[in-house]
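Each chain is listed here by its residues.
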Amino acid sequence: MLPSANVALGHEKCDSYLLFQAETLHGNGLRAVIYFIALAYCFIGLSAITARFFRSMEAVVKHTRKVVVIDPVTNVATTKNEKVWNYTIADITLLAFGTSFPQISLATIDAIRNLGSLYAGGLGPGTLVGSAAFDLFPIHAVCVVVPKAGELKKISDIGVWLVELLWSFWAYVWLYIILEVWTPNEITLWESLITVLQFAVLLIHAYAQDKRWPYLSMPLARSERPLEWVPEEVSSCKAKNNHEEYYNVLELDDDVRGDLVDVYSTHSRHGSVDESEPFTEIRESSAVTEHKVNSGEEPTLLLLWKEQFVDALKLEGAESRKLDGICPRVARISWRLLIFPWKFMFAFVPPYHIANGWIAFVCSLLFITWIAYIVTLLTDLISCVTGINAYVIAFTALASGTSWPDLVASKIAAERQTTADSAIANIICSNSVNIYVGIGVPWLIDTTYNYLVYNKPLYVRDAGGLSFSLVIFFVTSIGCISVLVLRRLTIGAELGGPRIWAWVTCVYFMFLWLIFVVVSCLKVSGVI
């Protein structure tokens, strides 16, 4: 049963409950512990379904179409498989939008639940601003130290990065303007509509910069990128024709990588590939691989779907069986038992081989939306039983948990790509998506309803606290970007470099995040 609307504060009894009314018989302290554990478990499920989402997104991005190119000199026709997606657009839409979908769905659900109220909900905007800070500071901190000692990874296309950075900063300036300058403490229909439309302008501007359109792009040269964005040794694994070596790679990878998938290997600066280029997946279940080895045929879709359930039911993977000592194996089995409900549930998502991954893509988004809805209910209950301000929970627990997909995506990119483009672009673009879509769409829903039913705008209860957080975020983000620029000018790259300086940068970014979280929470709590 859904929680009731009756919310108690502080030490008062909370009459809301999640599933059973008997929950209210227990003390607020015990209930807070239970709800926090449930919230953490939801974040584990969110990470698991996001991994399937990444895999389906990889299939979408790999989609190609056959084109015939005629050489003007020899008049010889050559058939090529041209990739459908422009990768700058894919980074902003599929990648940044996909990794930000937990925050977006949470904010949208909060807005729909808030229909009929003249005041905006607090979870959506608070979570998205807090998520922006988590993206910019902790994720940058992780990415800086991920490359090996002495390895340098820099942004190859500064022009596209500057465009993305410009629109990211403008997003928060725009949010401050509509909250404090134009219509203080309220949001009009036109303001929310303009907010959403700016996402389309961002896409056009980024595409123009990528294609170097005259008058709409900056005349900045870009460094050469390899055809594949993954390092040479990783790419070579894909082209293995020896079944035994291929099986060993998959078996080792089965538990090490878990559900993580490389969504970047499809990116190239060039728009087409030869028809003969194989698109072989690195990770498949061992049974599917054995089928390939024994029969030499591709497995059917039903077999692939069946193996999703088989993998979910396994207590031990190949890597677990290789562990020395009973304790590590018991720990690994315990973890698989813990996540079994999620893995079994998500096995119902169709294989990403169907319809170029789009069916799995949509199903994954539906599961993410459902988990985000449960998260909103738990957050309401935590605020109810503890008396903690909803904005404080949004800035901290919700922002960190829903930003986990961003962290996973950027970390993989920083580890396996030869450049820093996607690792940093995912961070910057996610922040833009958070505002233009994550806040714009929920506000558009509520302002449209209020305009049609009440002929009134949408009011914001704690606009001052939210605006204050935007100012703090803007100031600290300047400190973050300045250090990235300084690293580019001094050591020649944004990520990696000498180990000591990488860790110094990491600590500095985490310090900026702590400043944002502490000061923002003190403000919305009325302490300062």
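Residues numbered from 1 in each chain as written. Predicted model: local features only at pLDDT ≥ 70, side-chain atom pairs only at ≥ 80, totals over all residues. Heavy atoms only, no water.

Attention shifts here to the overall build of the protein chain. What the protein chain contains, in helices and strands, is 18 helices and seven strands. Across the 528 residues that make up the protein chain, the buried fraction comes to 52%. For the protein chain, long-range pairs separated by at least 24 residues make up 79% of all intrachain contacts whose partners lie at least 6 apart in sequence. Accessible area for the protein chain stands at about 23,200 Å²; split by element, carbon and sulfur atoms hold 67% of it. (Helix = DSSP H or I, 4+ residues; strand = E, 2+ residues; numbered from the N terminus. Buried < 20%, exposed > 50% of the residue type's maximum accessible area, 1.4 Å probe, protein only. Contact = heavy atoms within 4.5 Å. Areas by Shrake-Rupley, 256 points an atom, 1.4 Å probe, with all protein chains shown as cover.)

So, on to a nonpolar patch on the surface. Residues Ile112, Leu115, Tyr449, Tyr451, Leu452, Val453 and Tyr454 make up a contiguous nonpolar surface patch of roughly 670 Å² in combined accessible area. Top contributing element to the nonpolar patch by residue count: helix α16 (residues 421-453), with four residues. Along the chain, Leu115 turns up in the loop between α3 (101-113) and α4 (123-145). Leu115 gets classed as partly exposed once you look at its relative accessible area, which sits at 35%. (Patch = residues over 30% accessible without salt bridge, like charges linked within 9 Å, V, L, I, M, F, W, Y side chains within 5 Å. Salt bridge = Lys/Arg side-chain N within 4 Å of Asp/Glu carboxyl O.)

So, on to the confidence of the model for the protein chain. Here the protein chain shows a mean pLDDT of 76. Residues at 70 or above account for 80%. Here helix α8 (residues 243-256) stands out as the element of the protein chain with the lowest mean pLDDT, 35, in contrast to helix α6 (residues 189-211), whose mean of 92 is the highest. Below a pLDDT of 50 lies the segment residues 1-11, which in the model reaches 27 contacts outside its immediate sequence neighbourhood of four places, other chains included. Here residues 228-286 is a poorly scored stretch, pLDDT under 50, and it has 137 contacts once near neighbours within four places are set aside; other chains count. (pLDDT = per-residue confidence, 0-100.)

End to end, helix α14 (residues 390-402) covers just 15 Å across 13 residues, shorter than the expected 18 Å (1.5 Å per residue, more than 12% under). Where α14 is concerned, the buried positions are Tyr391, Val392, Ile393, Ala394, Phe395, Leu398, Ala399, Gly401 and Thr402. (Expected span 1.5 Å × (residues − 1).)

Time to look at the packing of aromatic side chains. One pair of aromatic rings is described through two measures. These are the centre distance and the angle between the planes. Inspection of the entire model under this criterion finds 21 aromatic pairs. When the ring of Trp167 is compared with that of Tyr436, the centres are 6.3 Å apart and the planes differ by 70°; the resulting orientation is edge-to-face. In this pair, Trp167 is assigned in helix α5 (residues 158-182) and Tyr436 in helix α16, connecting sequence segments 269 residues apart. By relative accessible area, Tyr436 is classed as buried at 0%. Centre to centre, the rings of Phe344 and Phe348 are 5.7 Å apart; their planes meet at 90°, and the pair counts as edge-to-face. The structure contains a cluster of three or more aromatic residues connected by ring pairs, namely Tyr41, Trp342, Phe346, Phe367 and Trp370. (Phe/Tyr/Trp six-rings, centres within 6.5 Å; stacked < 30°, edge-to-face > 60°.)

It is worth spelling out the side chain of Ser410 at this point. When you line up the elements, Ser410 lands in helix α15 (residues 404-416). On the basis of relative accessible area, Ser410 is assigned to the buried category, the value being 0%.

Another point: the environment of Pro184. Relative to the helices and strands, Pro184 resides in the loop between α5 and β4 (186-187). Separated by 275 residues in the primary sequence, Pro184 and Tyr459 place their C-alpha atoms 9.0 Å from one another.

Closest axis-to-axis distance for the α5/α6 pair is 10 Å, and the angle between their directions is 165°. Judged by the angle between their axes, α5 and α6 are roughly antiparallel. Handedness of the α5/α6 crossing: right-handed. Side by side, α5 and α6 meet where Gly159, Val160, Val163, Leu166, Trp167, Trp170, Trp174, Ile178 and Trp182 of the first sit next to Glu191, Ile194, Thr195, Gln198, Val201, Leu202, His205, Ala206, Gln209 and Asp210 of the second. Residues of the contact of α5 with α6, tallied by class, amount to 12 nonpolar, five polar and two charged. (Axes fitted to C-alpha atoms, helices over the stretch in contact; angles between N-to-C directions. Parallel < 35°, antiparallel > 145°, perpendicular 65-115°, else oblique. Left-handed = near helix turned anticlockwise from the far one by under 90°. Nonpolar A, V, L, I, M, F, W, Y, C, P; charged D, E, K, R; others polar.)

The phi torsion at Asn185 lies on the positive side, around 65°, for a residue other than glycine. Within the secondary structure layout, Asn185 lies in the loop between α5 and β4. Among the residues examined, Asn185 registers a relative accessible area of 39% and is labelled partly exposed. Residues other than glycine seldom take positive phi values, yet Asn455 does so here, at roughly 55°.

A separate point is the pairing of strand β2 (residues 77-83). Relative to β2, strand β1 (residues 64-70) runs antiparallel, the two being bridged by seven bridges. Its bridge partner lying in β2, Thr64 is registered against Lys83. Turn length for the β1-β2 hairpin, with the two strands adjacent in sequence and antiparallel, is six residues, and the turn residue Asn75 shows positive phi of about 60°. (Pairing = 2+ DSSP bridges.)

This brings us to the side chain of Ser430. Turning to its location among the elements, Ser430 is positioned in helix α16. Contact partners of Ser430, with chain neighbours within four places excluded, come to Ala96, Thr99, Ser100, Asp135, Asp406 and Ala425.

Now for the pattern of salt bridges. Under the defined criterion, the tally for this structure stands at four salt bridges. Of the charged contacts, one joins Lys411 and Glu415 as a salt bridge, the two residues approaching to 2.5 Å between their closest N and O atoms. Of this pair, Lys411 and Glu415 both sit in helix α15, separated by four residues, roughly a single helical turn.

What follows covers the environment of Ser400. The topology assignment puts Ser400 in helix α14. If we ignore the near neighbours within four places in the chain, the residues touching Ser400 are Phe134 and Trp513.

Helix-helix packing: each pair is described by the crossing angle between the helix axes and the interaxial distance. One way to put it is that helix α2 (residues 87-99) packs onto α6 with a least axis distance of 9 Å and a crossing angle of 155°. Relative to α6, α2 is oriented roughly antiparallel. Between α2 and α6 lies a crossing of right-handed hand. Here α2 contributes Thr88, Ile89, Ile92 and Thr93 to the contact with α6, which in turn contributes Phe199, Leu202, Leu203, Ala206, Tyr207 and Asp210. Among the residues making up the contact of α2 with α6, the classes are represented as seven nonpolar, two polar and one charged.

A separate point is the environment of Ile155. Structurally, Ile155 can be placed in the loop between β3 (152-153) and α5. Spatially, the C-alpha atom of Ile155 lies 4.8 Å from that of Asp421, the residues being 266 residues apart in sequence. Leaving out residues up to four positions away in the same chain, Ile155 has contacts with Trp161, Ala420, Asp421, Ile424, Arg488 and Glu494.

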